[in-house]
Amino acid sequence: MSQKFIGVCLLLGCLVASVHSAAKVPIAIYYESLCPDSAKFITEQLYPAVKGELRDVVDLTFVPFGKSQFFTQGAEVTFTCHHGPNECYGNKVHACAIEHIQANSYQIEYTRESLTLDFINCLMRAGKNFPDNVYPGQRCATENHINNWENIKTCANTTEGSQLLRKAGEATMRLKEPLTSVPSILFNEQFEKKVNDRAQVNFIGTLCQYVSAPQPRICAQHNAAATPSLASVSAILSSLLGLWFIRSFY
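Residues numbered from 1 in each chain as written. Predicted model: local features only at pLDDT ≥ 70, side-chain atom pairs only at ≥ 80, totals over all residues. Heavy atoms only, no water.

- The name given to the protein chain in an unreviewed UniProt entry is GILT-like protein 1 isoform X1, with the source organism recorded as Drosophila pseudoobscura pseudoobscura.
- You can read under Sequence similarities (unreviewed entry) in the UniProt record for the protein chain the words "Belongs to the GILT family." (UniProt positions renumbered as here; feature names shortened; annotations may be inferred.)

Right under this line is the structure:
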């Protein structure tokens, strides 16, 4: 009996896990590697949220292209980037990292998703501040348990990096609403300017509006903070009534 019970529990656990997995909120970040606004959003809003309680309710896609452009001549692809040639190289490093980062079976605490997020956050945190004038790919790889930096570097410096960045450009150009600002944040594959603007200053509160019940505790805290208490509402009404009475009396 106990073995059957355990089997049913394991099965139900798998079903619950599948439901939670299916309920993840798809979020796509269209950004640029040297964009100050992209760096601010990723390092101050996205990263702290997704590394915390909300890590299991999001399905992140990074698209490092932004307002760049590309031109093809035969097999060659040429890029012009919003913040210059260094950004083109940075975008390639990001695209190659997204493609090549793999989890290490000996380090089960790190998933491919968490490694990619840590690496991108490190690169964006560095911004344009390279004391030795060297893009911090190797440093960020070392600091964040990325074991295949040489593969990423080779990719970024060859036609593979160009092809991956071109794919990011094609994905950007397929947006239903043409990209006009960077970063652009899509929830459930939809872009809404008001949602995008709000997410850049309150990502957790914005994301929680898309998370189905039961929500993580942090969502409940944000909802409570955003909802005026009965006492505060009563105080506001009393003040308004008092003003109305004074104006009516005089």
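1. Considerations on the packing of helix H2 (residues 36-50) against helix H4 (residues 112-126)
Part 1 of the argument: Remark: H2 packs on H4, axes separated minimally by 9 Å, with the N-to-C direction vectors making an angle of 145°. Between H2 and H4 lies a crossing of left-handed hand. Here Ser38, Ala39, Ile42, Thr43, Tyr47 and Val50 of H2 come into contact with H4, specifically with Leu117, Asp118, Ile120, Asn121, Met124 and Arg125.
Part 2 of the argument: Each residue belonging to the contact of H2 with H4 can be placed in one class, and the counts come to seven nonpolar, three polar and two charged. (Axes fitted to C-alpha atoms, helices over the stretch in contact; angles between N-to-C directions. Helix = DSSP H or I, 4+ residues; strand = E, 2+ residues; numbered from the N terminus. Left-handed = near helix turned anticlockwise from the far one by under 90°. Contact = heavy atoms within 4.5 Å. Nonpolar A, V, L, I, M, F, W, Y, C, P; charged D, E, K, R; others polar.)

2. As for the layout of surface pockets
Part 1 of the argument: Its volume calculated, the largest pocket comes out at about 1,100 Å³.
Part 2 of the argument: Along the wall of the largest pocket there are 39 residues; nearest its centre are Ile27, Asp59, Leu60, Thr61 and Phe62.
Part 3 of the argument: Taken together, the elements giving at least two residues each to the lining of the largest pocket come down to strand E1 (25-31), strand E2 (58-64), helix H3 (85-100), H4 and helix H7 (159-173).
Part 4 of the argument: The greatest single-element share of the lining of the largest pocket, amounting to seven residues, is contributed by E2.
Part 5 of the argument: Across the lining of the largest pocket, the residue classes tally to 20 nonpolar, five polar and 14 charged. (1 Å grid on protein atoms, 1.4 Å probe; cavity = no way out; pocket = protein on both sides within 12 Å on 5 of 7 lines; lining within 4 Å. Points joined across faces, edges and corners; volume = space filled by probe spheres on them.)

3. Let's talk about the state of the cysteines
Part 1 of the argument: As enumerated under the stated definition, the model contains four disulfides in all.
Part 2 of the argument: Here Cys96 engages in a disulfide with Cys155; their sulfurs sit 2.0 Å apart. Judged by the torsion about the S-S bond (-75°), the Cys96/Cys155 disulfide is left-handed. Pair noted here: Cys96 is in helix H3 and Cys155 is in helix H6 (residues 149-156), with a separation of 59 residues, a long-range link. In terms of burial, Cys96 and Cys155 fall into one category: buried.
Part 3 of the argument: For Cys208, the disulfide goes to Cys219, at an S-S distance of 2.0 Å. Taking the sign of the S-S torsion, -80° for the link of Cys208 and Cys219, the bridge is left-handed. Of the two residues, Cys208 sits in helix H9 (residues 203-208) while Cys219 sits in helix H10 (residues 217-226), which places them eleven residues apart along the sequence.
Part 4 of the argument: Since its relative accessible area comes to 2%, Cys208 is described here as buried. (Disulfide = S-S within 2.5 Å. Buried < 20%, exposed > 50% of the residue type's maximum accessible area, 1.4 Å probe, protein only.)

4. As for H2
Part 1 of the argument: The end-to-end C-alpha distance of H2 is 20 Å, a good match for the 21 Å that 15 residues give at a rise of 1.5 Å each.
Part 2 of the argument: Of all the bends in H2, the greatest measures close to 35° and is centred on Ile42.
Part 3 of the argument: The inward-facing, buried residues of H2 contact E1, E2, H4, strand E5 (184-187), helix H8 (193-199) and H9. (Expected span 1.5 Å × (residues − 1). Bend = angle between axes of the 7 residues up to and from the residue.)

5. Focus: the sheet that holds E2
Part 1 of the argument: The strand order across the open sheet built from three strands is E2-E1-E5, with neighbouring strands paired in mixed fashion. At either margin of the open sheet sits one strand with a lone partner, and together these are E2 and E5. Across the sheet, the mean angle from the axis of one strand to that of its neighbour is 15°, orientation sign disregarded.
Part 2 of the argument: As judged from the seven bridges shared by E1 and E2, these two strands associate in the parallel manner. Bridge assignment links Pro26 to a residue of E2, and that residue is Asp59.
Part 3 of the argument: Running over the sheet, H7 touches E1 and E2 and is turned about 110° from E2. (Pairing = 2+ DSSP bridges.)

6. Examining the packing of aromatic side chains
Note on aromatic pairs: each is described by the distance of the centres and the angle between the planes.
Part 1 of the argument: Summed over all chains, the structure comprises eight aromatic pairs.
Part 2 of the argument: Relative to Phe70, the ring of Phe65 has its centre 6.3 Å away and its plane inclined at 75°; by these criteria the two rings are edge-to-face.
Part 3 of the argument: The exposure class of Phe70 is buried, given its relative accessible area of 17%.
Part 4 of the argument: Aromatic side chains Phe70 and Phe79 sit 6.3 Å apart centroid to centroid with 55° between the ring planes, which places their arrangement in the tilted category.
Part 5 of the argument: You can call Phe79 buried: its relative accessible area is 12%.
Part 6 of the argument: Taken together through their ring pairs, the aromatic side chains of Phe41, Phe187, Phe203 and Tyr210 make up a single cluster. (Phe/Tyr/Trp six-rings, centres within 6.5 Å; stacked < 30°, edge-to-face > 60°.)

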